[in-house]
Amino acid sequence: NLSSMHAAHRDFWKEDGSYNMERMRATAKIMQRFMDNISDVSWYPLPEQNMTTRLERRNGGGFAGIAEYLSRLGLEFGETMALSSVEELYRQFTK
């Protein structure tokens, strides 16, 4: 299962213009739980596929909208500060 959320979604920004990492992390946890639930209810024609899906639970999550996220922070894609910001975003995402 693969899923993504929009890094620049309006719900992830505080009124002062700063990024709300806590809200993003809470959303990421819900997203992961949802993907895990999909593993529980998915059905495959071969019993081995069903068993593998439930045992391995291969789920992946990430972001869309990174360029917009950086723009809202006043950063340009490719800048050193932009890279640091995206790295921190993913660190927080995987907490």
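Refer to the structure presented above.
Fair warning: this is a prediction, and the values are worked out from it, not measured in the lab.

*Asks:* Now, about the pattern of salt bridges: what can you tell me, with residues and values included?
*Replies:* Applying the stated criterion across every chain, the model contains three salt bridges. Across the salt bridge formed by D36 and R33, the nearest N and O atoms sit 2.9 Å from each other. Separated by three residues within a single helix, D36 and R33 lie in helix 1 (residues 21–41), roughly one turn from each other. Residue class for R33 comes out partly exposed when judged on its relative accessible area of 45%.

*Asks:* Explain the packing of aromatic side chains to me, using residue names and the numbers behind them.
*Replies:* Counted by the stated rule, this structure contains seven aromatic pairs. An angle of 80 degrees between the planes, with centres 4.9 Å apart, marks the rings of W13 and Y19 as edge-to-face. Residue W13 is classed as buried on the basis of its relative accessible area of 9%. Seen from their ring centres, W13 and Y69 are 6.1 Å apart, and the 40 degrees between their planes marks the pair as tilted. With W13 in the loop between strand 1 (2–6) and helix 1 and Y69 in helix 3 (residues 66–72), this residue pair connects regions lying 56 residues apart in the sequence. Across the pair, Y69 and W13 agree in class, each one buried.

*Asks:* Quick one: what's the story with the environment of F34, residue by residue and with numbers?
*Replies:* Summarising the element assignment, F34 is placed in helix 1. The exposure class assigned to F34 is exposed, which follows from its relative accessible area of 54%. For the pair F34 and R57, spaced 23 residues apart in sequence, the C-alpha separation works out to 12 Å.

So, how was this worked out
Residues numbered from 1 in each chain as written. Predicted model: local features only at pLDDT ≥ 70, side-chain atom pairs only at ≥ 80, totals over all residues. Heavy atoms only, no water. Salt bridge = Lys/Arg side-chain N within 4 Å of Asp/Glu carboxyl O. Helix = DSSP H or I, 4+ residues; strand = E, 2+ residues; numbered from the N terminus. Buried < 20%, exposed > 50% of the residue type's maximum accessible area, 1.4 Å probe, protein only. Phe/Tyr/Trp six-rings, centres within 6.5 Å; stacked < 30°, edge-to-face > 60°.

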